[in-house]
Amino acid sequence: MGPTWLARWWSVFGGGDRTHAFVVVRDGERLVGLAPLLVREVSRPFGKVRRVELLGSGEDEADEIGSDFIGVVAERGREAAVADEVVGCLTSPGMADWDECELVAMSGDSAMPVLLAEALRRRGIAVEPELAGAAPYVALPSSFEAYLDSLPSSHRALVRKSLRDFERAGGEARLERADSREGLARGCAILRELHERRWTTAGRVSLFDSAKFSAFHDAVIPELFDQGQLELVWLSLGGRPLAVAY
């Protein structure tokens with residue numbers, strides 16, 4: 001996640017029991033690493049403890065943004081040195097007044113989680129790495145038919161059935177993209193509507209019912225749009241929105 005995402009996250013979730021704890025790593029005047037961290041108190045059965053977390057994580061489940069690929073940023077080729085410096089700072093006398101360190105939502109494709117774990121162990125700190133989730137992707141071939149041929153037969157049949165059902169539904173199919181502030185407002189309304197419909201139908205509460213979750217997205221969406229960093233698209237059939245991607 002970029003600085004805009006994290007800055008808006010802090011504007012909604014920061015302060016209170018959360019305190020900045022950034023670690024900046026330099027080689028002379030050259031910036032080679034940055035660890036956007038925070039420290040806060042969390043409750044345990046035996047009392048409160050001080051925890052180090054990554055900026056952009058640790059929200060209550062009802063407000064959870066679900067930031068992906070947050071963590072320590074390092075200049076390419078300097079990852080090991082940056083990880084060691086960050087851990088050295090966290091375990092130094094002026095910074096070591098924490099009880100636990102929980103660094104979540106880091107990319108498993110990056111070397112940084114392993115390097116941080118190794119640096120902590122070298123300083124005698126117990127570490128428990130955990131794979132918390134996955135980000136599936138599809139390697140697309142040159143044509144849709146080639147993609148279908150690459151699927152297992154049961155999946156291929158499901159895709160073809162879904163396409164037939166879509167065509168039988170009738171009406172004009174349109175894929176629209178937010179390319180203006182008016183389009184952005186319409187796309188955001190569709191995003192909320194479909195999200196709420198999906199979760200309430202499943203008997204669950206929509207995250208947009210959370211004041212903090214809504215405040216974060218209300219702040220970050222227009223800012224990312226103005227920076228050209230946001231894509232909001234939706235699929236309609238006969239004028240009725242069916243799907244949205246943000």
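Residues numbered from 1 in each chain as written. Predicted model: local features only at pLDDT ≥ 70, side-chain atom pairs only at ≥ 80, totals over all residues. Heavy atoms only, no water.

Asks: What is the right way to read the nonpolar core from this model?
Replies: Proteins that are soluble and globular tend to have nonpolar side chains buried together. In terms of nonpolar packing, the biggest core is built from 46 residues, with Trp9, Leu37, Val86 and Leu184 touching the most fellow members. Per-element tally for this core: the top contributor is helix 7 (residues 211-226), with six residues. Residues contacting leucine 37, with those up to four places away along its chain left out, are Thr19, His20, Ala21, Phe22, Val23, Val52, Glu53, Leu54, Leu55, Leu90 and Leu103. (Core = buried A, V, L, I, M, F, W, Y, C linked by side-chain atoms within 4.5 Å. Buried < 20%, exposed > 50% of the residue type's maximum accessible area, 1.4 Å probe, protein only. Helix = DSSP H or I, 4+ residues; strand = E, 2+ residues; numbered from the N terminus. Contact = heavy atoms within 4.5 Å.)

Asks: What am I meant to see in the pattern of salt bridges here?
Replies: Pairs can form between side chains of opposite charge whenever their charged atoms are close. Tallied over the full model, the rule gives 21 salt bridges. Put simply, arginine 40 and glutamate 53 hold a salt bridge, and the shortest N to O gap is 2.9 Å. Of this pair, arginine 40 sits in strand 4 (residues 37-44) while glutamate 53 sits in strand 5 (residues 47-54), and the two are 13 residues apart along the sequence. According to the relative accessible area criterion, glutamate 53 is buried, its value standing at 2%. Aspartate 165 is the salt-bridge partner of arginine 168, the closest N and O atoms lying 3.2 Å from each other. Of this pair, arginine 168 and aspartate 165 both sit in helix 5 (residues 153-168), three residues apart, roughly one helical turn. (Salt bridge = Lys/Arg side-chain N within 4 Å of Asp/Glu carboxyl O.)

Asks: Sorry, what's going on with the sheet that holds strand 6 (residues 73-74) here?
Replies: Backbone-to-backbone hydrogen bonds pair the strands of a sheet. The strands run either parallel or antiparallel. Overall, antiparallel pairing links the three strands, which are arranged 2-3-6 in an open sheet. The two strands at the open ends of the sheet, each matched to only one other strand, are strand 2 (23-27) and strand 6. The pairing of strand 2 with strand 3 (residues 30-35) spans five bridges and is classified as antiparallel. Within the sheet, the bridge partner assigned to valine 25 lies in strand 3 and is glycine 33. (Pairing = 2+ DSSP bridges.)

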